[in-house]
Each structure stands twice: as C-alpha cells, then as structure tokens.
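Observations on chain architecture
The residues making up each chain are set out below.
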Amino acid sequence: MDRVSSFDEPLKKLLGGATAKVMAEHLDLHTVGDLLHHYPRRYEERGKLTALADLPLDEHVTVVAQVADARILMFNNGRGKRLEVTLTDGSGRLQLVFFGHGVHKPHKELLPGRQAMFAGKVSVFNRKMQLAHPTYQLLDASDADEATEAVDAFAGRLLPIYPACKQLDSWRIAKAVDAVLPSAQDAADPLPASLREGRGFTPLPEALLKVHRPQTKADVEDAKARLKWDEAFVLQVALARRRYADTQLPAVARRPVADGLLDAFDAKLPFTLTEGQEKVSEEIFDDLATEHPMHRLLQGEVGSGKTMVALRAMLTVVDAGGQAAMLAPTEVLAQQHHRSITEMMGELAEGGMLGGSDRGTKVVLLTGSMGMAARRQALLDLVTGEAGIVIGTHALIEDKVQFHDLGLVVVDEQHRFGVEQRDALRSKGKQPPHLLVMTATPIPRTVAMTVFGDLETSVLDQLPAGRSPIASHVVPAKDKPHFLARAWERVREEVENGHQAYVVCPRIGDDAEEAEGKKGKAKKKAAEEDPEKRPPLAVLDIADELRKGALAGLTVEVLHGRMHPDEKDDVMRRFAAGDVDVLVATTVIEVGVNVPNATAMVIMDADRFGVSQLHQLRGRVGRGSAPGLCLLVSEAHEASPARARLSAVAATLDGFELSRIDLEQRREGDVLGQAQSGVRSSLRMLTVIDDEEVIAAAREEAVAIVAADPELEHLPELRTVLAALLDKDREEYLDKG
C-alpha cells in the first residue's frame, strides 16, 4: 500500500458500515487519517480513579470507577424495578440507574468492589448526580481468560479516553483505533527532515503510536510536542503560501498626492492625530503604494480612532483616482459611518455639489432599505466615478452594483462579515482592490497569527486625548437588591447632570415569545423554581418597568433589531440629539454607536454576555469629556464562574487582557469557528492560547520554507499533508481570506 492511500482509506473498509456511519455523522471522521488524528482527550491511570466530584452537567462523559453498592428497588406496587448502583472514587459518589428489562445484566456484573469504565450523560435527580442507563465495560472480568486479557490490556497502562458521542463510547473508539493503528507506519511526514532533526522531534509514526497507546506519561508529552508542531506548521505554511500568492497578484498602486483631498482634510482637523494613528497611517500608505494588494488587519480599542485612520486611507485612494468602499455589518452602523464621515469631511464630502469644495468628492450611502430613486442615484454616482467613497452594508455586493475604479475596500468588524462576501466585493475591481479589515475586538497575537494569518496586523493601542476613563462595577441584584435600586438612582443623577444613559438587555421580548401556552406556563414554573432557568431579561419589559417605576418622568426609548430601519434611525437621531434620556437596547448598540454625551450604561443579566462583548458594549460610554460609568447587573451566584468573568471585566479596561481571559474560557473552538466561516477547525492538539511559542516558531519556519520553495516542489510529503488538511472548504476559506 503506498504512503498516502492507507491514510485516505475509507473507514468503512476496515471497521464495517455501521461504526463508520456513526463516526462520519457524529464525529466527522471519514478516513483512516481522520481517526488517527482523533486524539484522546485525556488518559486515566489504571487504579487511579476519575474525580467524580468534577463531572460537568449535561455532558457525555467516560469515567473509571469502582462499584460501592448495588440494589434493586421496586416501584409501582412491585410492577416496576430499578437498579441503583453507587460508584465511588474517593473524591465523590455517582449514582447509576437502570430500569425495566435493562437491570438483569448489570445486576449480575456490577458487584461491589468491581471496577469498570462507564459512559453516559450526566444529569441531576433528587439533587444527586447520576448517569441513566450508561454503557459500561468491566476492567476486571470474572472469566479467567477474559481476566488475563483485561489485565494485559489495562494493567499499568494509561487508558485513553476519547472525545465520544452518545452513539459511540470511548472504548469502542479505542477498539477502532487499534484496528487502524498499523497504518500509522504509512504517515506522510509534513516536517522537512532538516527541521525535524534540528528540533529533535519524534518521527510521526512513533508520535501517533505514543499518543494513542502510551506506556508512560512521558510518551504522551513527547507525542503532543510533535503533533502540536505539525498542526501549527502546516497551518502556517498554508497561510504563508496565501500571503506569497497575494504578493504575486497585481494591484494598482495608490500613492498620496500633494495638495489633494487628504491634505485639505488634514488641514481642517480640529485636533492632532495620536502617535499611533500617524504610525498606522504610514504602514497603510506604504502598502497602498505597492503594486500588489494590501491585506491589513487594523485592531484598535473602541474609540481609538480606527475610522479616522480608515478615512485617511480612503481619501488617499480617491486622490490617486480610485474609489473606496466601506462595508458595515448592519444598516444602523452604515448610516452612522456615513453620517460621521460626512460630518468629518464637511464641504469636502460635497464634490460636484453647490457649495462643495472643488477638491471634494461625493460620499454616498447604499443600503437595502433605501428608496428606489435614492438608490438609482447612488448606483449612477458609483459607475460614473462621481462618488469617490461609498458606505454600505452587504447590499454593496449585489450584482447590480458597479464601480468606476474600486481601489480600496474597508471592512468594519471582521467577525460579522463572511469570507464569501469579501470575495464578491473584491471581484468588483478591475484588479484586486486593496483590503483593510477593522476590528474593535482586541485579538491576542497568537489568534491573529492563526485566524488572520493571511493579513498583516496594525494595532492602535492609544486612546485619543480627551477620552475619559470608564468606572465599572458588578451589581449583585439577587444578593443585594438595594444595589440595583442605587444603580437606577445613579442613572437619574447622570440625566440630571445633562447626560444620557444606555440600558442593555440580552433579549427583545415580544407577545409571541411570552405566549401563555403550555410551554410558556412550564417555562414560568421552571423559572420560579430555578432562577438560572428564567429567560434572559427583555428590552420591552425592562423599558416598561423603568418608565413606570425607577425612571418615571424621564424619556425612555427602545432600540432593537426587529424595528423598521427608519424607526431605528429616528430613535438614534433623537438619542444623539439629546432628546432621549435613556435608551433601552439590545446589543445592536455594540458596534459603532457614537454619542459622546452618554455617560452611563447598565447591562442587565450581564453574565449572559461574553467578556469581549461586555468590553465592546462598555466602550459606548465615556466617549466625551465626562467620565463613563458601566454597571454590570447579575443574579449569578457570587462563587460562580459567571461572576468571576464579570469581576474580570470590572477590574480592567485593557481589551487585550480581557480577550485573553475570554479565550481561556471559551477555548479556541469558538474563535476559529467564528472566523473560519463554517470550516471544521483543524486544531486538535494545539491550543491557540497556550502554545504561543510553538505558533510563533512555526510561522517563522513556514515563512522561510515558502520563500525558498513557494510550490513546495522539494517537499512532496508536506504538499500531500497540506492537500489533506486543506480540504475543499478550507482551501476556499484561505483563498478568500
């Protein structure tokens, strides 16, 4: 069998149709190679028992434990039977229950003192943790032959516990791995020999053997070190090849022009740019002046002046005869960008209009909800080149939209913008346009290197002068209800001092949602018994309560995603003009809403938001000269992880520090999932947060290798592994990145 084909062998050939089907449908494993890269989640030592005390609720778990006692109980006047088995491991106890005909076999086998592996979903019944009808495998069989076999298989061994699913237990996966393990000898090694020897890595077949069937803990560490490197290296080679290919693409160089639009704009700025803005602008101007497309990620805290930097880049492109498009994730945000950019530019945004500047250009807005006449005019301005700058939502990407000469695309908030959409917009230029991606979510360096590895990164980390600090506090509404009353008093005080406030809720709330059907009543009852189960607080309910109670007499308005765009715009205009005292909203205000007079924010059910999201929301206050206040209201228990998260947000304003905390809590699945547009994460062993050195070193090696051999002609194994990793979806993801 040749080296590649054994890895590409479909699992059904080796394992039989039923098992292969479950693996494909529930674990996304299709080939021998997939299964060999499905690594154990952890290892149990024979004789050392799992910590039953730490089992996660509602998760499918595998535990190794000892039977403490087992008894049959009758119910239903003797018509029904159930077997209750208690497991122990020194750290805690766990109950197993079997019903009906399912009690006979376990009753004979699960005798006190017996040790076994059990798998099932953890639930709580009568305040006790339990597994109902778990599957199990005895580790000390009664039959002498079986006993010898079991002892041989498990004595002194580390038991691999695999990520499993309801349909397939960990030990069945282990058996399947045993069947394909001989194929590990055929593994194509992606690391060039010089790199492998230089860093003293275990050969790949040996690493696969050690990770699946380790004799010692040192085996596991050895294998992990090697397999992590493979993942980091292959991914970084893919990204390095992408960057290399981008440098080969043609683009029109857009160089600054003296006495043009940019100079006129800079001359009328009422403030000086921060050192950071100057530095990042220079990086961008250098990129724009080259004849291959810029691909740059601009990270900056909320309010660090990203829009200003992006606008100066757009003006440079207009000066050089091109057009610039800015894409926003929502209509509210597109309208807001349009408003703030036209305000910043003044008469320079009225090119060709009466009273406009002769050096100016037209700045048009294009969104899905525009009237036909306005839309037709905007499309005309784009195709003739009359409009140098267009701001819009993904409506900009529709086939009808044509540009005279698209030179630069600015994408706001990368996380909300699909890869396909970027690609569609890129194809609107005569040659690929330059690309600037802005995000206000601070991204740790390793994530930027992994997720946005095809973009060069610029960071704005200084706040412009005149921005005020924001004080943040956790308000424990359940333990200390008077704190919540005080929070509303603080909001009143801010309004009395001439300022405004936001109140943010996780849900909109609606009659349809609250329909008092059977479901509604059941939910209500569950919520009364357990506050954790109550639905998140809703905008419409809270606004109503505040108008009648704590904030009676103030102008309280609502803003949420189900409102008509005109209605949303009207509320935002009135809030910006100071006619609304308190705006009760969902996270639609999370990005881009800029009202310097808003100084206070109360976030209800704050524990239902992620760390980065809370940081984003908080950035909406303290945008003027008055200090900001952010109150995080929560009913979460003081000792809960949710409260710890809120305390972390209250303790620091450093977005990078918070994004690190966020990543540690969510791990990388989420981050990669969000950014990779539905692509299966190829990271099995590597953790983006813990393996910073590995990722940085792998990137360095990858860049050197691709520079020397862009097509990897001298590295056929690496080419093979890349092809397998970059299945069609992933290749497309990287292509469009």
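Conventions adopted
- Residues numbered from 1 in each chain as written.
- Predicted model: local features only at pLDDT ≥ 70, side-chain atom pairs only at ≥ 80, totals over all residues.
- Heavy atoms only, no water.
- Helix = DSSP H or I, 4+ residues; strand = E, 2+ residues; numbered from the N terminus.
- Buried < 20%, exposed > 50% of the residue type's maximum accessible area, 1.4 Å probe, protein only.
- Contact = heavy atoms within 4.5 Å.
- Areas by Shrake-Rupley, 256 points an atom, 1.4 Å probe, with all protein chains shown as cover.
- Pairing = 2+ DSSP bridges.
- Axes fitted to C-alpha atoms, helices over the stretch in contact; angles between N-to-C directions.
- Patch = residues over 30% accessible without salt bridge, like charges linked within 9 Å, V, L, I, M, F, W, Y side chains within 5 Å.
- Salt bridge = Lys/Arg side-chain N within 4 Å of Asp/Glu carboxyl O.
- Lys, Arg positive; Asp, Glu negative; His and termini not counted.
- Charge placed at Lys NZ, Arg CZ, Asp CG, Glu CD.
- Core = buried A, V, L, I, M, F, W, Y, C linked by side-chain atoms within 4.5 Å.
- Phe/Tyr/Trp six-rings, centres within 6.5 Å; stacked < 30°, edge-to-face > 60°.

1. Digging into the overall build of the protein
A tally of regular secondary structure across the protein gives 28 helices and 21 strands. Looking at the protein as a whole, 52% of its 737 residues are labelled buried. At a minimum sequence separation of 6, the contacts of the protein that also span at least 24 residues come to 74%. As presented, the protein carries roughly 33,100 Å² of accessible surface, and 51% of it is formed by carbon and sulfur atoms.

2. Concerning the sheet that holds strand β15 (residues 456–460)
Strand order in the open sheet formed by seven strands is β11-β12-β10-β13-β14-β9-β15, and the pairing between neighbours is parallel. Every interior strand has two partners, whereas the edge strands, β11 (362–366) and β15, have only one. Across the sheet, the mean angle separating the axes of adjacent strands is 20° when strand polarity is ignored. Two elements, strand β13 (residues 406–412) and strand β14 (residues 434–439), share five bridges in a ladder whose sense is parallel. Following the sheet pairing, V411 is matched in β14 by V437. The sheet contacts of helix α13 (residues 306–319) involve β9 (295–300), β10 (323–327), β12 (387–392), β13, β14 and β15, and relative to β13 the element is tilted by about 170°. Packed on one face of the sheet, helix α14 (residues 331–345) meets β10, β11, β12 and β13 and runs near 170° to β11.

3. Regarding a negative patch on the surface
A grouping of E275, E278, E282 and D286 is seen on the molecular surface, where their side chains present a negatively charged patch. Looking at the element boundaries, E275 is found in helix α12 (residues 275–288).

4. Some thoughts on the nonpolar core
Core analysis: the largest hydrophobic core is formed by 39 residues, its most contacted members being M314, M345, I389 and L408. Here this core gets nine residues from one element, more than from any other, and that element is α13. Aside from chain neighbours lying at most four places away, what touches L408 is L288, M294, A313, M314, V317, Q323, A324, A325, P433, H434, L435 and L436. Of all hydrophobic cores here, the second largest spans 32 residues; its members include L29, Y39, L168 and L227.

5. What about the packing of aromatic side chains?
By the definition in use, this model includes six aromatic pairs. With a centroid separation of 5.6 Å and 50° between ring planes, the pair formed by F201 and W229 is classed as tilted. Separated by 28 residues along the polypeptide, F201 in the loop between α8 (193–198) and α9 (204–212) and W229 in helix α10 (residues 217–248) bring together distant segments of the chain. Judged by relative accessible area, which is 16%, F201 ranks as buried. By relative accessible area, which is 5% here, W229 ends up buried. Ring centres of Y502 and F575 lie 5.1 Å apart, and the angle between their planes is 55°; on these two criteria the pair is classed as tilted. Of this pair, Y502 sits in strand β17 (residues 500–504) while F575 sits in helix α21 (residues 565–576), and the two are 73 residues apart along the sequence. Each member of the pair, Y502 together with F575, is buried. In textbook terms, an aromatic cluster arises when at least three aromatic residues are bridged by ring pairs, as seen for F98, F118 and Y136.

By themselves, these are just geometric observations and shouldn't be taken as functional.
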